[in-house]
Amino acid sequence: MAKAPAKRASAPAIPNRERPAEPVRFEASKGELLDFYKQMLLIRRFEEKAGQLYGLGLIGGFCHLYIGQEAVAVGLQSALNGDTDSVITGYRDHGHMLAYGIDPKVIMAELTGRAAGISRGKGGSMHMFSVEHKFYGGHGIVGAQVSLGAGLGFKHKYAKDNGVAMTYFGDGAANQGQVYEAFNMAELWKLPVIFVIENNQYAMGTSVNRASAEDQLYRRGESFRIPGLQVDGMDVLAVRGAAETAVEWVRSGKGPILLELKTYRYRGHSMSDPAKYRSRDEVQAVRDKSDPIEACKRELEKLGVKEDELKAIDKDIRGIVNEAADFAESSPEPEPSELYTDVLVDTY
Ligand SMILES: Cc1ncc(C[n+]2csc(CCOP(=O)(O)OP(=O)(O)O)c2C)c(N)n1
Ligand SMILES: [Mg+2]
């Protein structure tokens, strides 16, 4: 049985290594908190719609939803500079794109395999990409994006563009060999990379406790002298606070940092997972006690935001998502001739 998301733990000391500042929970203004709320709700409603479209057969192939993990992408990416900083993740990628301000229409069009999609309808859920938005995928090979993320960090350092590479991966991916090769190079060359482990407690049907000898994943960088912080990934303000610490550390040239975000996914691994490895009660307990959007709503209510205003926001967001779905459904599929474009045909 998975553990409930825990509170942040301090970084253990690495001998002769400066420690990052202790993260402070972000003090958001009402406007900032409303923004976080809207972004998290957009991801949730978008993913619910994607689940429906999948059920209707409008989305094919694999489809991994981000429901439950919204505070991670929103809290972290709100601290980035979209003009300079790059983001890369695995196949559970819709939320990271929405949190980076990419139009829901082109994401939904990609999911449904339409020419207007962000990868021209030829990538689908797992293979979205936008250099323009500094979103570098969307990768189906578990852990592959971590080495690529180190490469993005190398690029930022080489070009002296002051950017950082936010490199997300899962608790399962954290056991992949190439992750540690990337850690070594990133620290050795002091690359500006924020490694983010989204510990949603499961890798497909395997819980983190069953698969990981060291299940305190924020410690996984210690052998490479990369400091780590464990963060409550269900609290958008705690996430944003940790992001501030991480961005400051990395941007000032101190090398990479590792964040472990304790979170939870409510849906199955992908749309085709019946999730028999955990009980409904377990999922319900997290929903009841730790839902990131409900928690944010309670904070907003404390700041005097009224129920009516929150309802109006939900209505607006449902409108945006429905518009994205209508756009996707009414857009044409790629021309058959597109089968032969964007394909590597040379030999090297
Ligand atoms: C190299 C490789 N091995 C196995 C798989 C099959 N696979 C896809 S997702 C997954 C689990 C990964 O879990 P985690 O890293 O925790 O990410 P999450 O799905 O929880 O976001 C596995 C084993 C794969 N895609 N690539
Ligand atoms: Mg996982």
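Thresholds applied
- Counting restarts for each chain, with residues numbered from 1 along the sequence as it is written.
- Starting at A for chains and at 1 for ligands, labels are handed out in the order in which the entities are written.
- Where local features are concerned, this predicted model is filtered to residues with pLDDT of at least 70; where side-chain atom pairs are given and counted, the filter is 80 or more; whole-chain, interface and lining totals use all residues.
- By this definition, two strands are paired if DSSP reports at least two bridges between them.
- Each helix corresponds to a stretch of at least 4 residues labelled H or I by DSSP, and each strand to a stretch of at least 2 residues labelled E; elements are numbered beginning at the N terminus.
- Here, axes are lines fitted to C-alpha atoms. For helices the fit covers the stretch in contact, and angles between N-to-C directions go from 0 to 180 degrees.
- With C-beta atoms placed from the backbone, a residue is buried if 20 or more other C-beta atoms are within 10 Å of its own, exposed if 12 or fewer are, and partly exposed between those counts.
- By convention in this section, buried Ala, Val, Leu, Ile, Met, Phe, Trp, Tyr and Cys residues joined through C-beta atoms within 7 Å make up a nonpolar core.
- Two residues form a contact once the distance between their C-beta atoms, set from the backbone, is within 7 Å.
- The criterion for a residue being near a molecule or strand is simple: its C-beta atom, placed using the backbone, must lie within 6 Å of it.
- Under the scheme applied here, ten amino acids are nonpolar (Ala, Val, Leu, Ile, Met, Phe, Trp, Tyr, Cys and Pro), four are charged (Asp, Glu, Lys and Arg), and all others, including Gly, are polar.
- What sets the label is the angle itself: under 35 degrees gives roughly parallel, over 145 gives roughly antiparallel, 65 to 115 gives roughly perpendicular, and the rest give oblique.
- Each crossing gets its hand from how the near helix is turned against the far one by less than a right angle, where anticlockwise is left-handed and clockwise is right-handed.
- The crossover handedness rule: strands pointing away from the viewer, path from first strand over the helix to second strand clockwise, crossover right-handed.

> Kindly report on the sheet that holds strand S2 (residues 165-170), identifying the contributing residues and their values.
Taken together, five strands build an open sheet; the order of strands is S1-S2-S3-S7-S6 and the sheet is parallel. Since the sheet does not close on itself, it has two edges, and those belong to strand S1 (86-88) and strand S6 (228-232), each with one partner. Taking the axes of each pair of neighbouring strands and ignoring which way they run, one obtains an average angle of 20° across the sheet. Pairing of S6 with strand S7 (residues 257-262), which is carried by five bridges, proceeds in the parallel orientation. Looking at S7, one finds that Asp232 is bridged to Lys262.

> Pulling in residues and values, what's your account of the pairing of S7?
S7 sits mainly inside the fold: six of its six residues count as buried. Here S7 shows no split at all, with Ile257, Leu259 and Leu261 on one side and Leu258, Glu260 and Lys262 on the other all buried. Where strand S3 (residues 193-199) meets S7, six bridges bridge the pair, whose relative direction is parallel. The residue of S7 that forms the bridge with Phe195 is Leu258.

> Give me the nonpolar core: which residues, what numbers.
The biggest cluster of nonpolar side chains holds 87 residues, and the ones touching the most others in it are Met40, Ile194, Val239 and Leu259. Aside from chain neighbours lying at most four places away, what touches Val239 is Ala71, Val72, Gly75, Leu76, Val231, Gly233 and Leu261.

> Before we move on, can you summarise the site of ligand 1 with the specific residues and values?
Neighbouring ligand 1 are 13 residues, the closest being Val142, Gly170, Gly172, Ala173 and Ala203. Here the residues of the shell around ligand 1 sort into six nonpolar, five polar and two charged.

> Talk me through the packing of helix H1 (residues 30-55) against helix H11 (residues 307-330); I want residue IDs and the actual numbers.
Helix-helix packing: each pair is described by the crossing angle between the helix axes and the interaxial distance. For the pair H1 and H11, the least separation of the axes is 9 Å and the interaxial angle reads 45°. Relative to H11, the element H1 is oriented oblique. Seen from above, H1 lies across H11 with right-handed handedness. Residue-level inspection shows Lys38, Leu41, Leu42, Arg45, Phe46, Lys49 and Leu53 of H1 in contact with H11, the latter providing Ile313, Asp314, Ile317, Arg318, Ile320, Val321 and Ala325. Considered class by class, the residues forming the contact of H1 with H11 number nine nonpolar, no polar and five charged.

> Got a sec to walk through the pairing of S6? Specific residues and values, please.
The element S6 is extensively covered by neighbouring structure, given that five of its five residues are classed as buried. What you see with S6 is no split at all: Gly228, Gln230 and Asp232 on one side and Leu229 and Val231 on the other are buried throughout. Assessed by its sense of winding, the connection that carries the chain from S6 through helix H8 (residues 236-251) to S7 is right-handed.

> Could you give an account of the environment of Asn81, with specific residues and numbers?
Here Asn81 is to be found in the loop between helix H2 (70-77) and S1. Looking at Asn81, the number of C-beta atoms within 10 Å reads 12, which means it is exposed.

> Any details on the packing of H2 against H8? Residues and values, ideally.
Following both chains from N to C, one finds H2 and H8 inclined at 40°, their axes separated by 8 Å at the closest point. In terms of orientation, H2 lies oblique with respect to H8. Judged by the twist between their axes, the crossing of H2 over H8 is right-handed. Every residue of H8 that contacts H2 at Ala71, Val72, Val74, Gly75 and Leu76 is listed here: Val236, Val239, Arg240 and Ala243. Residue composition of the contact of H2 with H8, grouped by class: seven nonpolar, one polar and one charged.

> Before we move on, could you go through the environment of Tyr54 and cite the residues and values that matter?
Structurally, Tyr54 can be placed in helix H1. Given 21 C-beta atoms within a 10 Å radius, Tyr54 is considered buried. In this structure the C-alpha to C-alpha distance between Tyr54 and Ser337, which are 283 residues apart in sequence, comes to 26 Å. Excluding residues within four positions of it along the chain, Tyr54 makes contact with Ile59, Cys63 and Met271.

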